[in-house]
Amino acid sequence: MGSYEDIQYAVEGPAAVVTINRPERYNSFRGKTVEELIAAFRAAWADPQVRVVILTAAGEKAFCTGGDVKQRAETGDYGPTESGMFEIGYLHKLIRDIPKPVIAAVNGLAIGGGHVLHVLCDLSIAAETAKFGQAGPRVGSFDAGFGSAFLARIVGEKRAREIWFLCRQYDAATAERWGLVNAVVPGDQLLAEAKRWAEEIAVLSPTAIKFLKQSFNADTDHQAGLSNMAMSALSVFGETEEAHEGAAAFAEKRKPDFSQYAAL
Ligand SMILES: CC(C)(COP(=O)(O)OP(=O)(O)OC[C@H]1O[C@@H](n2cnc3c(N)ncnc32)[C@H](O)[C@@H]1OP(=O)(O)O)[C@@H](O)C(=O)NCCC(=O)NCCSC(=O)CCC(=O)c1ccccc1C(=O)O
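Presented here is a report on the structure given in the accompanying data block. As the structure is a computational prediction, the values presented were derived from the model and not from experiment. (Residues numbered from 1 in each chain as written. Predicted model: local features only at pLDDT ≥ 70, side-chain atom pairs only at ≥ 80, totals over all residues.)

**Some remarks on the environment of Leu37**
Right, on to step 1. With respect to the helices and strands, Leu37 occurs in helix α1 (residues 31–46).
Right, on to step 2. Residue classification places Leu37 among the buried positions, given that 26 C-beta atoms sit within 10 Å.
Right, on to step 3. For the pair formed by Leu37 and Tyr9, sequence separation is 28 residues and the distance between their alpha carbons is 9.0 Å.
Right, on to step 4. Dropping the residues within four chain positions of it, Leu37 is found in contact with Ile7, Val18 and Leu91. (Helix = DSSP H or I, 4+ residues; strand = E, 2+ residues; numbered from the N terminus. Buried ≥ 20, exposed ≤ 12 C-beta atoms within 10 Å, placed from the backbone. Contact = placed C-beta atoms within 7 Å.)

**Quick notes on the packing of α1 against helix α3 (residues 88–97)**
Right, on to step 1. It is the contact of α1 with α3, at a shortest axis distance of 9 Å, that shows an interaxial angle of 25°. Relative to α3, α1 is oriented roughly parallel. Our pair here, α1 against α3, has a crossing hand that is left-handed. Across the interface between the two elements, Val34, Leu37, Ile38 and Phe41 of α1 pack against Ile88, Tyr90, Leu91, Leu94 and Ile95 of α3.
Right, on to step 2. Split into classes, the residues belonging to the contact of α1 with α3 amount to nine nonpolar, no polar and no charged. (Axes fitted to C-alpha atoms, helices over the stretch in contact; angles between N-to-C directions. Parallel < 35°, antiparallel > 145°, perpendicular 65-115°, else oblique. Left-handed = near helix turned anticlockwise from the far one by under 90°. Nonpolar A, V, L, I, M, F, W, Y, C, P; charged D, E, K, R; others polar.)

**Observations regarding the pairing of strand β7 (residues 123–127)**
Right, on to step 1. Where burial is concerned, most of β7 is hidden: four out of the five residues are buried.
Right, on to step 2. Where strand β5 (residues 102–106) meets β7, four bridges bridge the pair, whose relative direction is parallel. By the bridge assignment for β7, Val106 is matched with Ala126.
Right, on to step 3. Bridge analysis of β7 against strand β10 (residues 183–185) gives three bridges, and the strand direction is parallel. Paired with Ile125 across the two strands is Ala183, which belongs to β10. (Pairing = 2+ DSSP bridges.)

Shown next as structure tokens:
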């Protein structure tokens, strides 16, 4: 993939900076965005100069607000891709498998699938104004793979269930208190701080770091199987009227009405 439309990719010193660039849609992702993120992470993996990947996004409002709900309301999917597939599960695995630390520089709202992306990064640094949360049950979606199981490893079962069952937004101070982010800094210092962390990592042994990352991952790698099953479940659920109601309500700027559905 030669040039990017939905993201930017730059190698700055030892860091590859991957920037989601759809601020008009709050940096939500469509299929093409995911495809380009995959290409960027693969480029970073293959580049010996790159010791750390920084994942961030354009503007100050949003880091990523998950799947593009307007696209889903319009076409019922996340739009066309070169591969013909929506490979969000593969992107999740790539963030885990790339043998270099990935730092999320969370510049604003990290919601839904965007929240899952930062959760999967090895480290998260947040702007003071960043907000965190899941939104799937409001818009007819869910991530019952890494998005729930790995989140519970990080914040604990009670908090993970609260995050998913209430769909609230949490501020950066709360996220830091819960261990959801490593540090909180003023927004205008976010990228510089992430690059400082990258410089600090870059002088260490890359092979030791690689083995450590693989070791940390080994404990939760079984969740990849769960994640595959969750993606399959989601694509079946996505065809239902209940799921359509969630996406349509968001696009029409109204509250969803799930009153006629029951989970028995
Ligand atoms: C993020 C909000 C809470 C922000 O609210 P607010 O500050 O009031 O701003 P708004 O006016 O609502 O938004 C500004 C502007 O941006 C547009 N926008 C925001 N988010 C999205 C989005 N996700 N998609 C499309 N467009 C978006 C919004 O419409 C406004 O545009 P205007 O033209 O000005 O009207 C709030 O915006 C909000 O709640 N957003 C939706 C968040 C959401 O529900 N995200 C999806 C969650 S579900 C998901 O991500 C799962 C999909 C997925 O990733 C997935 C799919 C398949 C398998 C696995 C996965 C996975 O696990 O990841």
